[in-house]
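Summary of structural features
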Amino acid sequence: MLCDECKKNEAVFHTKLIKNGIVRTRHLCEECSKKYREEESLLKSFGGVDELFSSFAGLMFGGGGSQRRICPKCGTTDDEFIRTGYVGCPDCYRAFEKVATQAIGRIQNDLRHVGKIPNGKDPKTEITAKIQRLRAKQQEASDAEDYEAAQNYLNQINELKKSLETGKNSNGGKKDE
Amino acid sequence: MNNENSVVISSRVRLARNVAGLPFPHKLRREHGAMIAKQVYDALAKSGTYNLNRVSASNELDLDVLKEKHLISEDLLRAENGAAIINDAETVSIMINEEDHIREQCILRGFRLDEAYREIDKIDDVIGEKVKYAFDPKLGYLTCCPTNIGTGMRASVMMFLPALSLTNGIESYVNAVSRLNMTVRGVYGEGSKADGFIYQVSNCKTLGISEEEIISSVDNCINSLVEAELAARDKLFRSDGAAIRDRVGRAWGILTNAYSLSTDEFMSLMAYVKLGAYDGYGLIKITDPDRLEKLVTEAQPANIVNISGKALDGDASGISPARRDIMRASYVSKTLKSIGSRA
Ligand SMILES: [Zn+2]
Ligand SMILES: [Zn+2]
């Protein structure tokens, strides 16, 4: 990937800019990133650049530090992830689980996927996913000592399990999210 | 132009996907990156006519044309092994090796997010039959940046908000909208005179929310923005009707008579012509509103050169900006006269 600024050198710094809550990406080479940083500190000293150049790391980690982990699959370090906001491969999410979870929680205000799943139109996969989601909700409810809700989720799970066995697509738990 | 269509320009749904077991594009080895485009293109072979545009094999003009049509991003142009797979109708564009391996998008004219989602959801299934997506049961679709993780979905609507911009109401709406986990950004250089009052509104949250919920939350947000814009238009006309009539009339006069027209001048005047065509004002009669909207794209630098056919083999270097401005003026004036008149 080429540098955004000079469009000549290979970009080595990939940073996120946040303005009005909008995340933009900048790809810069070594040289331009230096210039850019000088400009940034200059602008900051003038004030009034409201969070224009606030770093992605600040948003994601609130100052939390790296754990010096390295992804065995792609070689990305958690430090690099914190600096750039990018992971290197799907396995990174497991390799730096702690920092990644922290980042995801801050950005998304959530840690659990409730949307589409690949090949999800296969009723069996869909039901299994629903059961997984309901189980998580059941656990949440029991953690909050709301046992009535937990029991309710359990009933829905059992309904779905039955439908899995009989191969019929039950509607139980359809409105689970 | 009817009320909603005079505010909403187009609707887009994008799904970010990655191939399981491969590093993300910025860490990907060249030979692996090149395979993804082919794999996705082959997967789509039976679902309509698609064209595979590899960035490295395309000329600059063609790429700029696609960018001005919002079918590809600036980032894709610099991506190693970047490619775009686009259908004939130019409603579906799949970017390869941008920030993620695969970015599937459907773009439709008007306010049709739900339809755009259903279309791209189908295409996602078709590609998913041949490509194993990086997916985690807990985190959903895994993406290069955690801002897209989960559904990988961005639902966005392009809006024309002249009255909110002119009355400075836009700021408070931007703030209100960001509290709803949405973002608003200018499409053509924010805050400049040439922004054409065109904004894009989209969801931020992609995890812990279902696709349907994303669509309905963006829909709700757009509905309230449409309402606010229309109310602002009424108010503007009541308080400043003479000034509006004058600006619309002048804009029409220049766009239908100028000999040379820069992109910036075109953008700022076109915004007033569009505002004049709003039914509530009825200052300009337009017989073909879609054509009017299309003109905004056609008058952009690469598109105007492309339409003229003057760039040989995509080499636009021989066409000076001055010559391009003359071609633009002629094209814009001819088009506007063919579809509209002052009321
Ligand atoms: Zn550079
Ligand atoms: Zn990795």
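In this numbering scheme, every chain counts its residues from 1 along its sequence in written order. Whichever chain is written first becomes A and whichever ligand is written first becomes 1, with later ones labelled in order. Only residues with pLDDT of 70 or above have their local features reported here, since the model is predicted, and side-chain atom pairs are shown and tallied only from 80 upward, although totals for entire chains, interfaces and linings are computed over all residues. Hydrogens are left out, water is left out, and the side-chain values use all remaining heavy atoms of the structure.

All right, on to the coordination of the zinc ion (ligand 2) then. Residue and element names in this part refer to chain A. Because no water is among the atoms considered, metal sites can look incomplete, with donors defined as N, O and S atoms within 2.8 Å of the metal, or 3.2 Å for Na, K and Ca. Every protein donor of the zinc ion (ligand 2) is listed here as Cys71 (SG), Cys74 (SG), Cys89 (SG) and Cys92 (SG), and their distances to the metal cover 2.3 Å. Think of it this way: with four donors and all angles in the 85 to 135 degree range, the site is tetrahedral; with four or six donors, opposite ones beyond 155 degrees and the rest between 65 and 115, it is square planar or octahedral; otherwise it is irregular. Considering all 4 donor atoms around the zinc ion (ligand 2), the spread of angles at the metal, 99 to 123°, places the coordination shape in the tetrahedral class. All donors of the zinc ion (ligand 2) belong to a single chain; written as a sequence motif, their spacing is C-x2-C-x14-C-x2-C. Remark: Cys92 occurs in helix α4 (residues 92–95) and Cys71 occurs in the loop between α2 (56–61) and α3 (78–84); sequence separation between them is 21 residues. Between buried and exposed lies partly exposed: a residue is buried under 20% and exposed over 50% of the maximum accessible area for its type, with that area taken using a 1.4 Å probe on protein chains only. On the basis of relative accessibility, which here comes to 0%, the residue Cys92 falls in the buried class. In this text, helices come from DSSP runs of H or I with a minimum length of four residues, and strands from runs of E with a minimum of two, each type numbered from the N-terminal end.

All right, on to the packing of aromatic side chains then. We describe a pair of aromatic rings using the distance from one ring centre to the other and the angle between the two ring planes. Working definition: a ring pair exists when centres of Phe, Tyr or Trp rings (six-membered ring for Trp) sit within 6.5 Å. Plane angles under 30 degrees give stacked, over 60 give edge-to-face, the rest tilted. For the structure shown, the criterion picks out 6 aromatic pairs over all chains. A centroid spacing of 6.1 Å and a plane angle of 25° characterise the contact between Phe81(A) and Phe96(A), whose relative ring orientation is stacked. On the criterion of sequence distance, the pair formed by Phe81(A) in helix α3 and Phe96(A) in the loop between α4 and α5 (97–108) is long-range, its members being 15 residues apart. A residue is classified by how much of its surface remains accessible, and Phe96(A), at 1% relative accessible area, is buried. Summarising the aromatic geometry, the rings of Phe237(B) and Tyr281(B) are spaced 4.4 Å apart at their centres and angled 25° between planes, so their arrangement reads as stacked. Of this pair, Phe237(B) sits in helix α7 (residues 211–257) while Tyr281(B) sits in the loop between α8 (263–276) and β11 (284–286); the two residues are 44 residues apart in sequence, bridging distant segments of the chain. For Phe237(B), a relative accessible area of 21% puts it in the partly exposed group. Residue classification places Tyr281(B) among the buried positions, given a relative accessible area of 8%. Here the aromatic residues Tyr133(B), Phe135(B) and Tyr141(B) are joined through ring pairs into a cluster of three or more. A cation sits over an aromatic face here: Arg17(B) above Tyr133(B), 5.7 Å from the ring centre. To sit over a ring, a charge needs its Lys NZ or Arg CZ within 6 Å of the ring centre and within 35 degrees of the ring normal.

To continue, consider the pairing of strand β8 (residues 153–160) of chain B. Residues and elements named next belong to chain B. In terms of burial, β8 is largely enclosed, as 8 of its 8 residues are buried. The pairing of strand β1 (residues 8–17) with β8 spans 7 bridges and is classified as antiparallel. Looking at β8, one finds that Ser10 is bridged to Met158. DSSP bridges decide pairing: two strands pair if at least two such bridges lie between them.

This next bit is on the confidence of the model for chain A. Residues and elements named next belong to chain A. What pLDDT expresses is the predictor's confidence in each residue, scored from 0 to 100. Across chain A, the average pLDDT comes to 73, with 68% of residues at 70 or higher. Averaged pLDDT values for the elements of chain A fall to 52 in α2 and rise to 94 in α4. Counting interchain partners and residues more than four positions distant, the pLDDT-below-50 stretch residues 41–55 has 16 contacts. Contacts: residue pairs with any heavy atoms within 4.5 Å of one another.

Each C-alpha atom of the pair Phe96(A) and Asn155(A) lies 36 Å from the other, and the pair is 59 residues apart in sequence. Each residue touching Phe96(A), except ones within four places of it in the same chain, is listed here: Arg69(A), Ile70(A), Cys71(A), Thr76(A), Thr77(A), Asp78(A) and Phe81(A).

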